[in-house]
Number of protein chains: 2
Amino acid sequence: MKLIDRRMRLTELLLRCSISVFALLALILVVTDTEVKLIFTIKKTAKYTDMKAVVFLVVANGIAAVYSLLQSVRCVVGTMKGKVLFSKPLAWAFFSGDQAMAYLNVAAIAATAESGVIAREGEEDLQWMRVCTMYGKFCNQMAIGVSSALLASIAMVFVSCISAFSLFRLYGATKDRRTTPW
Amino acid sequence: MKLIDRRMRLTELLLRCSISVFALLALILVVTDTEVKLIFTIKKTAKYTDMKAVVFLVVANGIAAVYSLLQSVRCVVGTMKGKVLFSKPLAWAFFSGDQAMAYLNVAAIAATAESGVIAREGEEDLQWMRVCTMYGKFCNQMAIGVSSALLASIAMVFVSCISAFSLFRLYGATKDRRTTPW
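All of the points below concern the structure found in this document. (Residues numbered from 1 in each chain as written. Chains lettered and ligands numbered in written order. Predicted model: local features only at pLDDT ≥ 70, side-chain atom pairs only at ≥ 80, totals over all residues. Heavy atoms only, no water.)

## Digging into the packing of aromatic side chains
To describe a pair of aromatic rings, you give the distance between the ring centres and the angle between the ring planes. What the rule picks out here adds up to 15 aromatic pairs over all chains. Between the aromatic rings of Phe168(A) and Tyr171(A), the centroid separation amounts to 6.4 Å while the plane-to-plane angle is 45°, which identifies the pairing as tilted. Judged by relative accessible area, which is 2%, Phe168(A) ranks as buried. Classification of Tyr171(A) as partly exposed rests on a relative accessible area of 24%. Centroid distance Trp92(B) to Phe168(B): 5.5 Å. Interplanar angle 85°. Geometry classified as edge-to-face. Taken together, the residues span a long stretch of sequence, with Trp92(B) in helix H3 (residues 88-121) and Phe168(B) in helix H4 (residues 136-168) at a distance of 76 residues. By way of ring pairs, the aromatic residues Trp92(A), Phe95(A), Phe168(A), Tyr171(A) and Phe165(B) are connected into one cluster. Just above the ring of Phe94(A) sits the side chain of Arg74(A); from NZ or CZ to the centre is 4.1 Å. (Phe/Tyr/Trp six-rings, centres within 6.5 Å; stacked < 30°, edge-to-face > 60°. Buried < 20%, exposed > 50% of the residue type's maximum accessible area, 1.4 Å probe, protein only. Helix = DSSP H or I, 4+ residues; strand = E, 2+ residues; numbered from the N terminus. Lys NZ or Arg CZ within 6 Å of the ring centre and 35° of its normal.)

## Things to note about the pattern of salt bridges
Once their charged atoms are close, side chains differing in charge can pair, the charge on each being opposite to the other. Tallied over the full model, the rule gives 14 salt bridges over all chains. Note that Arg74(B) and Glu12(B) form a salt bridge whose closest N and O atoms lie 3.2 Å from each other. One end of the pair, Arg74(B), is in helix H2 (residues 52-80); the other, Glu12(B), is in helix H1 (residues 3-31), and 62 residues separate them in sequence. Relative accessible area serves as the criterion here: at 26%, Arg74(B) is assigned to the partly exposed category. The exposure class of Glu12(B) is buried, given its relative accessible area of 4%. One salt-bridge network, held together by shared partners, links Arg9(A), Glu12(A), Arg16(A), Arg74(A) and Asp98(A). (Salt bridge = Lys/Arg side-chain N within 4 Å of Asp/Glu carboxyl O.)

## Here we look at the packing of helix H1 (residues 3-31) of chain A against helix H2 (residues 52-80) of chain A
Residue and element names in this part refer to chain A. Viewed as axis vectors pointing N to C, H1 and H2 meet at an angle of 150°, and their least axial separation amounts to 8 Å. Comparing their axes, H2 and H1 come out roughly antiparallel. When the axes of H1 and H2 are compared, the crossing they make is left-handed. (Axes fitted to C-alpha atoms, helices over the stretch in contact; angles between N-to-C directions. Parallel < 35°, antiparallel > 145°, perpendicular 65-115°, else oblique. Left-handed = near helix turned anticlockwise from the far one by under 90°.)

## A word on the pairing of strand S1 (residues 34-39) of chain B
The pairing of S1(B) with strand S2 (residues 42-47) of chain B spans six bridges and is classified as antiparallel. What sits directly across from Val36(B), in S2(B), is Thr45(B). (Pairing = 2+ DSSP bridges.)

## Some words on the packing of H2(B) against H4(B)
All names here are of chain B. Put simply, H2 and H4 touch, their axes get as near as 11 Å, and they point 45° apart. By the angle between their directions, the pair H2 and H4 is classed as oblique. For the element pair H2 and H4, the recorded crossing hand is left-handed. In this structure, H2 contributes Val54, Leu57, Asn61 and Ala64 to the contact, and H4 contributes Met142, Val146, Ala149 and Met156. (Contact = heavy atoms within 4.5 Å.)

That is the geometry; function is a separate question.
As structure tokens, then:
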């Protein structure tokens, strides 16, 4: 096997393992994040289910962690068996799965980041008050969790480029097609 | 030129033109969206700049509309000149640009959708009150604008698949590599 293919496979495996790790870390940080405050003798608890976008983030990262774990196992097993057969239908399945994962997690992070900005700065014109002044610890742990999710989704973007490469090179262009008129 | 290439080029051109149209439509609908209300003798005006996510959406759609217009012109000119030379560096540039556009707009829509959900339903636990009960017309026009932006970003996802195809098939896999051990 050419050096470039060996490197590509190793990069893919490392990226998929890091996705599982970062997605799982994000999940744990966000789900275990809670802070209790006493406001005029009323006990108030901040938790991740208070924001719809964060629930979406937890679900998206859960799916990504499991999907990437399975893909990593597939990569390792395929390597040990010495059989990395790449049929077009299979390549299309991995490419579509990787693209869906990447876009799903980018959307989840963007929605959560929007909620985070409102929670930190408020939205004055709409009278949505900031909450992080009261729940500082909760917001900080949430920020670390979202950063971990961001790292996972950056890795997902690169993995989807690798699976695009693995797929579309199977449609290898012949010389004449590259300079034809249309 | 093979039929598949002819169809691919036509699909690409149609998708890029529709991105420009939908992105521009979204831009116009969102930027011209305003509603005035009299609340206890105080005149209050709802406008798109009240929400940070919507400003992000406007910027992202503006960039996408211009980028896609230029790409459409490139497609048409390349066709008329009968010269669609596809060098790897150029293919990498278009692929990267298309991927960036797609992820940028998916993120912008997710952030705006999150604000929209809060505006329509409120976020009770955080005492963020819903606003669409008061600014019904504003919210409805915003929803149409975001839907148009959503159509544009779906087209961007497909265009980025086409540019991935055009790029990575230039790295056409040779027969032996496909069944090698690693």
